[in-house]
Amino acid sequence: MGPLLGQVVRILGVLVLVGAVPLALLLPVGPKVIWSMVIAAVPLGFTVAGYYAWRRACPLAFFATLGQRLKLQRKRKVGDGLAAHGLEVQLGLLVAALAWRHLGANGTPWALAGLLVAVVAAATAVGFLYTGKTWCNHLCPVGVVEKFYQEPVLLLPAEDNSQCTACTACKKNCPDIDLEQAYWKELESPARRRVYYAWPGLVLAFYSYFYFVEGSWAHYFDGAWTRDPHLVSRMLSAGFFFAPSVPRLAAVPLTFLAFGLASFVVFSLLERFLLAGSADEQARATIRHRCLALAGFGGFLLFYAFAGQPALVALPIWLRQSLAVGIVMVATALLLARWSRSEAIFVQEKFARGLLKRWEWGDAPPSNHLSDIYLLHQERSQQREARLKTYKATVRDLLAEGVLNRGNLILLQKLRAELGIADKEHDKLLSELSLEEKRLFDPAYQGSMEKQLQLDQYRGELEALLLGNQRPEPATIESLRQVHRIRPEEHAAIMDQLRGEQGPLVARLQEPVRLVLELHAAALAADRVEALEVAQGRAGLAHRRRLAFYRHVVQWKQRQHLDHILQLLELGFQEPRLPDLRLTLASSGTGSIQDVFTLLGALADQGPLGAVLAPLASLPTSMEDPGPTLRRTAASEARFLRAAALTLLGYLGDPASDQVLRGALVDPDQLVRETAQTLLGMSGELDATLSELAEDEDQWLLRAAVQSLPGKASEKRAGQATLRHKGQGAGLGAETREAPLAALERLMFLHGMPLFAQLEPDDLETLAAASRERHFGPDESLCRQGERSDEVFLILRGRVRTWVLDAGGQPRSLGDSGEGTCIGEMAVLDPAPRAATVTALRDVLTLVLGGRVFRDVLHDRPAVAEGVLKVLTQRLRAMIQGTQSL
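Here the structure is a predicted model, which means the values were calculated and not measured.

Rules behind the numbers
Residues numbered from 1 in each chain as written. Predicted model: local features only at pLDDT ≥ 70, side-chain atom pairs only at ≥ 80, totals over all residues. Heavy atoms only, no water. Buried < 20%, exposed > 50% of the residue type's maximum accessible area, 1.4 Å probe, protein only. Helix = DSSP H or I, 4+ residues; strand = E, 2+ residues; numbered from the N terminus. Pairing = 2+ DSSP bridges. Phe/Tyr/Trp six-rings, centres within 6.5 Å; stacked < 30°, edge-to-face > 60°. Lys NZ or Arg CZ within 6 Å of the ring centre and 35° of its normal. Polar contact = N/O pair within 3.5 Å; in protein donor to acceptor, adjacent residues only side chain to side chain. Contact = heavy atoms within 4.5 Å. Patch = residues over 30% accessible without salt bridge, like charges linked within 9 Å, V, L, I, M, F, W, Y side chains within 5 Å. Areas by Shrake-Rupley, 256 points an atom, 1.4 Å probe, with all protein chains shown as cover. Salt bridge = Lys/Arg side-chain N within 4 Å of Asp/Glu carboxyl O. Axes fitted to C-alpha atoms, helices over the stretch in contact; angles between N-to-C directions. Core = buried A, V, L, I, M, F, W, Y, C linked by side-chain atoms within 4.5 Å. Parallel < 35°, antiparallel > 145°, perpendicular 65-115°, else oblique. Nonpolar A, V, L, I, M, F, W, Y, C, P; charged D, E, K, R; others polar. Arc of directions from axis to C-beta. Left-handed = near helix turned anticlockwise from the far one by under 90°. Lys, Arg positive; Asp, Glu negative; His and termini not counted. Charge placed at Lys NZ, Arg CZ, Asp CG, Glu CD.

Novice: Would you mind showing me how to read the pairing of strand E4 (residues 800–805) here?
Specialist: Only one face of E4 is covered, namely the one carrying Val800, Thr802 and Val804; the face carrying Arg801, Trp803 and Leu805 has none of its residues buried. Where E4 and strand E5 (residues 811–817) come together, 6 bridges link them in antiparallel fashion. Bridging from a neighbouring strand, Val800 pairs with Ser817 of E5. Hairpin connection between E4 and E5: a loop of 5 residues separates the two successive antiparallel strands, and Gly809 in this loop has a positive phi of roughly 80 degrees. Both E4 and strand E7 (residues 837–840) contribute to a ladder of 4 bridges, which runs antiparallel.

See below:
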């Protein structure tokens, strides 16, 4: 049954259950419809649909889980007594309800309605007071009938179970997780045998009492018993036609007691007879199982020999006979399926499913038969160690889930033979397991599938919480532990697993550590390029600006990955410096990065993280050939790294680096494309590169390259390239007008200014996009004293002079400024008119920022605000010194 169909069936079931009360109270035929149609159809319905489908659709389960849905359910579990005798309690409540039917609910509307309301109210109350499916597993009268007719195997295969979303281990051997495992685990339970063996007699007692009270069957088959509104008032009337002195109030329970006891004695004697002389424990378990199957089969047939007959009598005889045959076929199919079933078969199938989870071959096994799966696995295994490892892991899982215990490990003998595992190897694996998982071999250990599911669910949610994007608060983890009802020692064990050598923490660390190592190599490549440029006498201002920006981007990404590493390490280590070191890492300078490397080098010797962190403990300090590293960096996922690496590749001049530059012309990111175009244009290679691309027959790379050029340049170069491709042009010309600064050049200029040196590349790009270039000729004023404006001028090239008119109207110089100077920031902080005039001494190139953009940067980036305060302080001191010297 699919989820949608299950919801529809549940809604219909709730409507029927809720509607049964007014139906019983308002319509004369209400009791007959409920007892002879609805109740009669329910056992057949859930027997055919299957245990899990019914448990998901059961209307009583809906009311019993209201506490879960409203998040008001308490976490209390039932006591040991009810946990051990739950089936007997369920059967007792069912017998009480059946007795109440004979005493009043069969025909008296208010008694029937009261019974329904009481059951719903009890289910709802238990759902609020106790955890999980306590009502369904320990108290529901219908729950025991579900087991009679469906344990241990279902008529139809089920794709899913009916377990709770968050398991709280409300019942050991939970049938909602695995019905069959719960059955085999409780096969020897005296309570199970008592309720099973008594059930056929109790069914027969219920219907026989219709005869005992009236002296004939006519009263039952014509349905007159559903039309007796005064039934309650006759509780003290004659209870038996053959013993009228016994009142109904005593006759009804006596009938149930006598028939139930007789049924229990008959099946117990049958079991004892069949067990006589059988010493093999597995054979004895099979006999007990078949006796239980016979009891369930007998109860099912007895029930449908009578159930629904008052309503079916109106149907044609052929239809009634067809229904009878169908019911017998269903019962027989269930009996045959149960008869051939055994715990050994169940364990073998469970083991096969565990093997399939670890299936190491690319294709699927040829069939679902256990022997075929093992044969194929054995044929394809190249190393014996792989089979032993799989066997060991599966045995561990079965022990943890409680499927196996110390006493029934012999059930794996056949499986060992099929896998080719000798008894000596089996014993060795058990010895290893007993050392690794001591709790599994502890006689006091009570393993169960629901407990394992509870722990697995908690481990998965805890892992997702701990390794998510945001670090959880301790209260959040504690709340999760309480929801799953995990004990502190269990939580500690799970945390040890998460931190272990094979845990997700170590696995998650591997990628950021790899990236940090690559970035360290990228930083060494910059040092090597700088050394080469100095040796060749080419270390000018432009070179220094490129190297500084490249190092800035590398450190920016390095800090991100190191911060991620420190976050992960906080989960596994109690190193007190880790939180403080993360704050230090966020500060400027390379010293903070070196502090992190020092600590990580110290941690490399600690536990399972050593193999991952060891490379960080011995980082190289120099590099001979920076080319391969820079080319790898130019292929990074980070766009700023790709663009910055291209600027250094331009210095190398080797064919491989030139090829990377040409390939960057079709990079998906505009910043990288424009950087490649600028570098190739500066080297005079852009036209030649486009000409080479024009020789390509498909010309897709040519079209992609020329379309990436800015403005009308793309049209011009595309036309020229096409002419050359057709043999009609001599070459590609260059643009005569002065091109604006490329995007990366703006970023490098901004980074070179002290005010913005600490901004991250993303922030620099935002600032650059909000700025505009403006050229000023010699003696041209950038701003004038007394005018109102709030623009900020960033000097990229040239020099300017700042001067004011004194009280006598004479100009007085306040000083000259060059590249990297910020002019006009005071007008942003104070809306007063300009305090001075700034004039270009020669050609000046500036970036102009609007006042609002600059204020936003000051507000969002404290480092910039701190830089402005330093500049203003220096100017104030200079003015004070100038005044004192006059």
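Novice: Help me out: how do you make sense of the packing of aromatic side chains in this one?
Specialist: To describe a pair of aromatic rings, you give the distance between the ring centres and the angle between the ring planes. Under the criterion given, the structure shown has 35 aromatic pairs. For the ring pair Tyr197 and Phe264, a centre distance of 6.3 Å and an interplane angle of 40 degrees mean the geometry is tilted. Here Phe264 lies in helix H14 (residues 248–275) and Tyr197 lies in helix H12 (residues 190–214), a separation of 67 residues in the sequence. A relative accessible area of 1% places Tyr197 in the buried class. Their ring planes at 85 degrees and their centres at 5.7 Å tell us that Tyr211 and Phe241 sit as a pair that is edge-to-face. Placement of Tyr211 in helix H12 and of Phe241 in the loop between helix H13 (218–221) and H14 is noted, with a sequence separation of 30 residues between them. For Tyr211, a relative accessible area of 29% gives the class partly exposed. Classification of Phe241 by relative accessible area gives partly exposed; the value is 41%. One residue, Arg101, lies across the ring of Trp35, its end atom 3.8 Å from the ring centre.

Novice: Looking at this structure, how should I read the side chain of Asp667?
Specialist: Relative to the helices and strands, Asp667 resides in the loop between helix H33 (655–663) and helix H34 (670–682). Residue class for Asp667 comes out buried when judged on its relative accessible area of 12%. A polar atom in the side chain of Asp667 sits 2.8 Å from the backbone nitrogen of Asp669. Residues within four places of Asp667 in sequence aside, it is in contact with Arg642, Val672 and Arg673.

Novice: Even after reading the chapter, I still don't get a nonpolar patch on the surface, so can you show me in this structure?
Specialist: Residues Leu25, Leu26, Leu27, Val29 and Trp110 make up a contiguous nonpolar surface patch of about 540 Å² in total accessible area. Locating Val29 in the fold gives a position in the loop between helix H1 (3–26) and helix H2 (30–49). Residue classification places Val29 among the partly exposed positions, given a relative accessible area of 49%.

Novice: Would you take a moment to explain the pattern of salt bridges for this structure?
Specialist: Evaluation of the coordinates by the stated rule reveals 30 salt bridges. In this structure, the salt-bridge partner of Arg193 is Glu271, at a minimum N-O distance of 2.2 Å. Placement of the pair is Arg193 in helix H12 and Glu271 in helix H14, with a sequence separation of 78 residues. Its relative accessible area of 24% is what places Arg193 among the partly exposed residues. Looking at Glu271, the relative accessible area reads 4%, which means it is buried. Between Glu624 and Arg528 there is a salt bridge, and its shortest N-O distance comes to 3.8 Å. You can see Glu624 sitting in the loop between helix H30 (610–617) and helix H31 (627–633) and its partner Arg528 sitting in helix H26 (residues 504–535), a full 96 residues away along the chain. For Glu624, a relative accessible area of 63% puts it in the exposed group. Overlapping salt bridges, with partners in common, bring together Arg55, Lys133, Glu146 and Asp176 in one network.

Novice: Hey, could you run me through the sheet that holds strand E6 (residues 822–823) in this one?
Specialist: Strand pairing in a sheet takes place through backbone hydrogen bonds and is either antiparallel or parallel in direction. Spatially, E1-E8-E3-E6 is the arrangement adopted by the 4 strands of the open sheet, whose pairing is antiparallel. Each edge of the sheet is formed by a strand with only one pairing partner; in this case those strands are strand E1 (772–776) and E6. Sheet analysis places E1 next to strand E8 (residues 844–849), joined by 5 bridges and oriented antiparallel. Within E8, the position partnered with His775 by the bridge is Leu845. The strands touched by helix H38 (residues 743–752) are E1, strand E3 (792–797) and E8; relative to E3, the strand with the most contacts, the crossing angle is about 105 degrees.

Novice: Which parts of the structure should I look at to understand the nonpolar core?
Specialist: Residues Trp135, Trp199 and Tyr207 are the most contacted members of the largest nonpolar core, which totals 98 residues. Apart from the residues lying within four places of it in its own chain, the contact partners of Tyr207 are Trp217, Tyr220, Phe303, Phe306 and Ala307. One finds Ala525, Trp556, Leu680 and Leu767 within the second-largest nonpolar core, a separate group that totals 57 residues.

Novice: How do you make sense of unusual backbone geometry when you look at a structure like this?
Specialist: Excluding glycine, most residues fall at negative phi; most peptide bonds, likewise, are trans. Of note, the bond from Glu151 into Pro152 is cis; its omega dihedral lies within 30 degrees of zero at -5 degrees. Mapped onto the fold, Pro152 is located in the loop between helix H10 (141–150) and helix H11 (179–185). The phi torsion at Lys71 lies on the positive side, around 60 degrees, for a residue other than glycine. Here Lys71 shows up in the loop between helix H5 (66–69) and helix H6 (80–84). The phi dihedral of Ala169 is positive, around 55 degrees, even though this residue is not glycine. By secondary structure assignment, the location of Ala169 is in the loop between H10 and H11.

Novice: Sorry, what's going on with the packing of helix H15 (residues 281–306) against helix H17 (residues 317–339) here?
Specialist: When two helices pack together, you describe them by how their axes are tilted relative to each other and by the distance separating the axes. Two elements in contact, H15 and H17, have axes separated by 10 Å at closest approach and are oriented at 175 degrees. Between H15 and H17, the crossing angle belongs to the class labelled roughly antiparallel. Between H15 and H17, the contacting residues are His289, Arg290, Ala293, Leu294, Gly296, Phe297, Phe300, Leu301 and Tyr304 on the first element and Ile327, Val328, Val330, Ala331, Thr332, Leu335, Arg338 and Trp339 on the second. Tallied by class, the residues present in the contact of H15 with H17 amount to 12 nonpolar, 3 polar and 2 charged.

Novice: Explain helix H24 (residues 474–484) here, please?
Specialist: Two residues of an α-helix separated by three or four positions point the same way, owing to the 3.6 residues in each turn. Where H24 is concerned, the buried positions are Ile477, Leu480, Arg481 and His484. Down the axis of H24, the buried side of the element spans an arc of 100 degrees, and every buried residue falls inside it. Arg485 occupies a position one or two residues after H24 and carries a positive phi of about 55 degrees.

Novice: Honestly, the packing of H2 against H15 in this entry has me stumped. Any pointers?
Specialist: Packing of H2 against H15 brings their axes to within 10 Å, and their N-to-C directions diverge by 145 degrees. Where H2 crosses over H15, the two elements pack in a sense that is left-handed. Where H2 approaches H15, its residues Ile39, Ala40, Ala41, Pro43, Leu44 and Thr47 are matched on the opposing element by Phe300, Phe303 and Tyr304. Split by residue class, the contact of H2 with H15 holds 8 nonpolar, 1 polar and no charged.

Novice: Would you mind going over a positive patch on the surface with me for this structure?
Specialist: A cluster of basic residues, Lys71, Lys75, Lys77 and Arg485, forms a positive patch on the protein surface. Within the element layout of this structure, Lys75 appears in the loop between H5 and H6.

Novice: What's the story with the sheet that holds E5 in this structure? I'm lost.
Specialist: Reading across from one edge, E2-E7-E4-E5 is the order of the 4 strands in this open sheet, with antiparallel pairing throughout. Two strands lie at the open edges of the sheet, namely strand E2 (781–783) and E5, each paired on one side alone. Pairs of neighbouring strands in the sheet enclose a mean axial angle of 30 degrees, with direction left out of account. As paired elements, E2 and E7 share 2 bridges and run antiparallel to each other. Each residue of the ladder has a partner; that of Cys783, found in E7, is Val838.

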